[in-house]
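Structural features, examined
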Amino acid sequence: MTFRDLHFQDRPLLLPNAWDVGSAIAFAAAGFPAVGTTSFGVNAASGRPDAEGASRDAIVALVEQLRALPTFISADIENGYSDDPAEVAALVAGLSPDGVNIEDSAGGRLVDPAIPAAKIRAIKQAAPEVFVNARVDSYWFHEDDTVGAVLDRAKAYADAGADGIFLPGAADPATLEQLTAAIQLPVNVLAVSGLTLIDLWNLGVRRVSTGSLPYRAAIDAAVNVATALRDGRDIPSATSYAESQQRLLDFVLRADSD
C-alpha cells in the first residue's frame with residue numbers, strides 16, 4: 001500500500017491535519033494511515049497569520065520529526081515559499097514527504113496558473129514519487145469561481161504532472177459532481193458540513209481533509225476546560241497523562257531507532 005493507493009479505495013481517504021508532533025501522534029494512534037499538516041495550525045501555534053509564507057521552517061522541522069510515525073505524511077507547503085520552481089522542487093526533494101499540497105494563490109489572490117504549473121512540473125522531475133496535490137483556490141477566495149475557470153486551472157496542473165486536485169471551499173453537491181466528473185485525477189475537498197464521507201464519495205470525491213478544523217476545535221476544547229472549572233461545570237474527560245506520556249516515549253524510541 002502506498003500513499004497514492006489510499007486515493008483509490010472504496011471510500012474517500014480521510015486526511016486529518018496536524019499542527020505539531022502531539023496532534024500527529026494522536027491521529028496515528030487513532031488508526032489513520034496518513035496524516036497531513038495544516039499551515040494555519042502550524043502558523044497559529046507560532047503566533048503568525050496564515051498564508052504569508054512564514055511556516056517554511058516550522059513545516060520543514062515538523063515533517064522531519066513526523067518521519068518516525070508509522071503513517072504516510074503529506075506536507076502543506078503553501079505556495080512552495082518561492083517563485084522559483086527549482087527552489088520549490090529542491091525543498092520537496094530534500095523534505096521527501098509522501099505528499100505535498102501546493103496552492104495557486106499568494107497574498108490572498110489567485111496567481112497565473114502557469115506559475116504553480118511550473119512548480120508542479122519541477123517537483124515531479126525532482127521527486128517523482130511524491131504525490132502532488134494541486135490546490136485550486138478559486139472557491140476559497142471567491143475569485144474566478146466558476147466551474148469552467150476551475151476546470152481550466154485543474155487541467156493546467158494535471159498537464160504539469162499533478163497527482164490530485166484540491167478544491168478547498170467547494171461544497172455544493174451539484175458543483176462537486178460536475179467537477180469530479182470532469183477532473184480525471186483524485187479530487188480532494190475539505191470536510192463539508194451536512195455531507196458524510198459516503199455522500200462525498202458518491203459525488204466523486206476521493207480525499208477529504210480536515211484542514212485547520214482540528215486545531216480550531218482543540219483551542220475551543222482547551223477554553224472549555226478552563227471555563228468549566230471556572231464556572232463549576234463538570235470537567236471534560238481526556239486521554240490520561242500516562243497514556244499521552246507513553247505515546248511520546250514510544251515516538252521518541254522510534255525516532256531514535258531510525
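Residue positions within a chain follow its written sequence, with the count starting from 1. Under the rules for a predicted model, residues below a pLDDT of 70 receive no local features and side-chain atom pairs below 80 are neither given nor counted, while totals for whole chains, interfaces and linings still include all residues. For the side-chain quantities, the full set of heavy atoms in the structure was used; hydrogens and water were omitted.

Pairing of aromatic rings covers Phe, Tyr and Trp, the last through its six-membered ring, and needs centres within 6.5 Å; plane angles under 30 degrees mean stacked, over 60 mean edge-to-face, and all others mean tilted. Counted under the stated rule, the structure contains five aromatic pairs. Between Phe-27 and Phe-32, the ring centres sit 6.2 Å apart and the planes meet at 90°, which makes this aromatic pair edge-to-face. Buried residues are those whose accessible area, probed at 1.4 Å on protein chains only, stays under 20% of the maximum for their type, while exposed residues exceed 50% and partly exposed ones sit between those limits. Classification of Phe-32 as partly exposed rests on a relative accessible area of 25%. An aromatic cluster is present here, built from Phe-3, Phe-72 and Phe-131 joined pairwise through their rings.

A separate point is the pattern of salt bridges. Pairing between side chains of opposite charge can happen when the charged atoms of each approach one another. Definition used for salt bridges: Asp or Glu carboxyl oxygen within 4 Å of a side-chain nitrogen of Lys or Arg. A complete count under the given rule lists ten salt bridges for this structure. A salt bridge links Arg-4 to Asp-163; its shortest N-O distance comes to 2.8 Å. Taken together, the residues Arg-4 in the segment before β1 (13-15) and Asp-163 in the loop between α7 (147-159) and β9 (164-166) connect sequence positions 159 residues apart. The exposure class of Arg-4 is partly exposed, given its relative accessible area of 34%. On the basis of relative accessible area, Asp-163 is assigned to the buried category, the value being 8%. Strands are runs of DSSP state E lasting at least 2 residues, helices are runs of H or I lasting at least 4, and numbering of each runs from the N terminus.

Here an angle of 0 to 180 degrees is reported between the N-to-C directions of two axes, which are lines fitted to C-alpha atoms, with helices fitted over the stretch in contact. Running from N to C, helix α4 (residues 85-95) and helix α5 (residues 114-126) point in directions that differ by 40°, and their axes come no closer than 8 Å. With respect to each other, α4 and α5 are oriented oblique. You can see that α4 and α5 cross each other, and the crossing is right-handed. In contact with Pro-85, Val-88, Ala-89, Val-92 and Ala-93 of α4, α5 contributes Ala-118, Lys-119, Ala-122, Ile-123 and Ala-126. Classification convention: Asp, Glu, Lys, Arg as charged; Ala, Val, Leu, Ile, Met, Phe, Trp, Tyr, Cys, Pro as nonpolar; all other residues, Gly among them, as polar. The class makeup of the residues in the contact of α4 with α5 is nine nonpolar, no polar and one charged. Note on terminology: angles under 35 degrees are roughly parallel, angles over 145 are roughly antiparallel, angles of 65 to 115 are roughly perpendicular, and the others are oblique. Left-handed describes a crossing in which the near helix is turned anticlockwise from the far one by less than a right angle; the clockwise case is right-handed. The contact rule is simple, with two residues in contact once any of their heavy atoms fall within 4.5 Å.

Take α7 next. The length a helix should cover is 1.5 Å for every residue beyond the first. The end-to-end C-alpha separation of α7 is 18 Å, in line with the 18 Å expected for 13 residues at 1.5 Å each. All buried positions along α7 are accounted for by Val-150, Arg-153, Ala-154 and Tyr-157. The buried side chains of α7 occupy one side of the element, clustering within an arc of 100° when seen end-on. Pointing more than 90 degrees away from the buried face of α7 are the exposed residues Asp-152, Lys-155 and Asp-159. Of the surrounding elements, those touching the buried residues of α7 are β7 (109-110), α5, β8 (131-135), α6 (138-141), β9 and α8 (173-182). Note that the arc is computed from the directions linking the helix axis to the C-beta atoms.

Nonpolar side chains (Val, Leu, Ile, Met, Phe, Trp, Tyr) within 5 Å and like charges within 9 Å form the patches, drawn only from residues with over 30% relative accessible area and no salt bridge. Only the protein chains shown count as cover for residues, and all accessible areas are computed by the Shrake-Rupley method using a 1.4 Å probe. Among the surface-exposed residues, Val-225, Leu-229 and Ile-235 lie close enough to one another that they form a single nonpolar patch of about 280 Å² accessible area. Inspection of the secondary structure assignment puts Ile-235 in the loop between α10 (213-231) and α11 (241-257). Judged by relative accessible area, Ile-235 falls into the exposed class, the value being 57%.

Further remarks concern unusual backbone geometry. If you check the backbone angles, Ser-96 has positive phi at about 50° while not being a glycine. Examined against the element boundaries, Ser-96 turns out to sit in the loop between α4 and β5 (99-103). At His-142, a position not held by glycine, the phi torsion is positive, near 55°. Topologically, His-142 is positioned in the loop between α6 and α7. Judged by its relative accessible area of 63%, His-142 is exposed.

The next point concerns the pairing of β5. Judged by how many residues are buried, β5 sits mostly within the fold: five of five residues are covered. Burial of β5 is two-sided: the residues Gly-99, Asn-101 and Glu-103 facing one way and the residues Val-100 and Ile-102 facing the other way are all buried. Looking down the strands as they point away from the viewer, one classifies a crossover as right-handed if the path from the first strand across the helix to the second runs clockwise. For the handedness criterion, the β-α-β arrangement of strand β4 (residues 72-76), α4 and β5 is classed as right-handed. Judged from the five bridges that link them, β5 and β8 form a sheet pairing that is parallel. When the sheet's bridge partners are listed, Gly-99 is paired in β8 with Phe-131. Strand pairing is defined by DSSP finding a minimum of two bridges between the two strands.

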